[in-house]
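Descriptive analysis of the structure
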Amino acid sequence: PRHLFSVLVKYMTATLTPSCSGEIIDISGDDDDCLTVTFAALANSTRRAILAHLAQGAATVNELAEPFDMKLPAISKHLKVLERAGLIVRGQHAQFRPCALDAAPLAQIADWTEQYRPMWEARFDRMDDYLTQLRHQTEHRPEEAGNNDD
């Protein structure tokens, strides 16, 4: 009975969850779905550049398209990928639909990568120790024997 309860609670909390873009979806097959979608969206340099632009503030599609040698439909496709990943939201202001950054998925990535911090810090500490050891050996090395002016 206890096991059944924990399985039921896990199913209810893991399968019906907000998607990366906020809507409720069933993700019973993959708990890492949002991370996967976010990483896939970030894999493209154009989309990363769009996010960098939006980090400065909301912008229209035309404003986002300006720095790129692309047609508006191509930029719109990139925006749809970012929107599906929950990285941007589109507002409604008169006839314009400005895009704005939603940093929540980036926070999820930061949380996920945080688990690796102790490993990397330990590696950097070992590298620092090694470099200190090399520096110490170099500073205390006797002069080379070939430098005599006899």
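Residues numbered from 1 in each chain as written. Predicted model: local features only at pLDDT ≥ 70, side-chain atom pairs only at ≥ 80, totals over all residues. Heavy atoms only, no water.

With that settled, the discussion passes to the confidence of the model for the protein chain. Low pLDDT marks stretches whose predicted atomic positions should not be read closely. On average, residues of the protein chain carry a pLDDT of 81, and 73% of them reach 70 or more. Put simply, strand β1 (residues 16-18) is where the protein chain has its lowest mean pLDDT, 42, and helix α3 (residues 45-54) is where it has its highest, 97. Contacts for the low-pLDDT stretch residues 5-18, under 50 throughout, to residues beyond four places or in other chains number 18 contacts. Between residues 24-29, whose pLDDT stays under 50, and residues either more than four places distant or in other chains, the model counts 15 contacts. (pLDDT = per-residue confidence, 0-100. Helix = DSSP H or I, 4+ residues; strand = E, 2+ residues; numbered from the N terminus. Contact = heavy atoms within 4.5 Å.)

Below, the discussion takes up the side chain of Thr46. Within the fold, Thr46 resides in helix α3. Filtering out sequence-adjacent residues up to four positions away, Thr46 remains in contact with Phe68, Met70 and His78.

Leu54, Leu64, Leu79, Leu82, Leu87 and Ile88 are the most contacted members of the largest nonpolar core, which has 18 residues in total. Counting only elements with at least two residues in this core, the list comes to α2 (33-42), α3, α4 (61-65) and α5 (72-84). (Core = buried A, V, L, I, M, F, W, Y, C linked by side-chain atoms within 4.5 Å. Buried < 20%, exposed > 50% of the residue type's maximum accessible area, 1.4 Å probe, protein only.)

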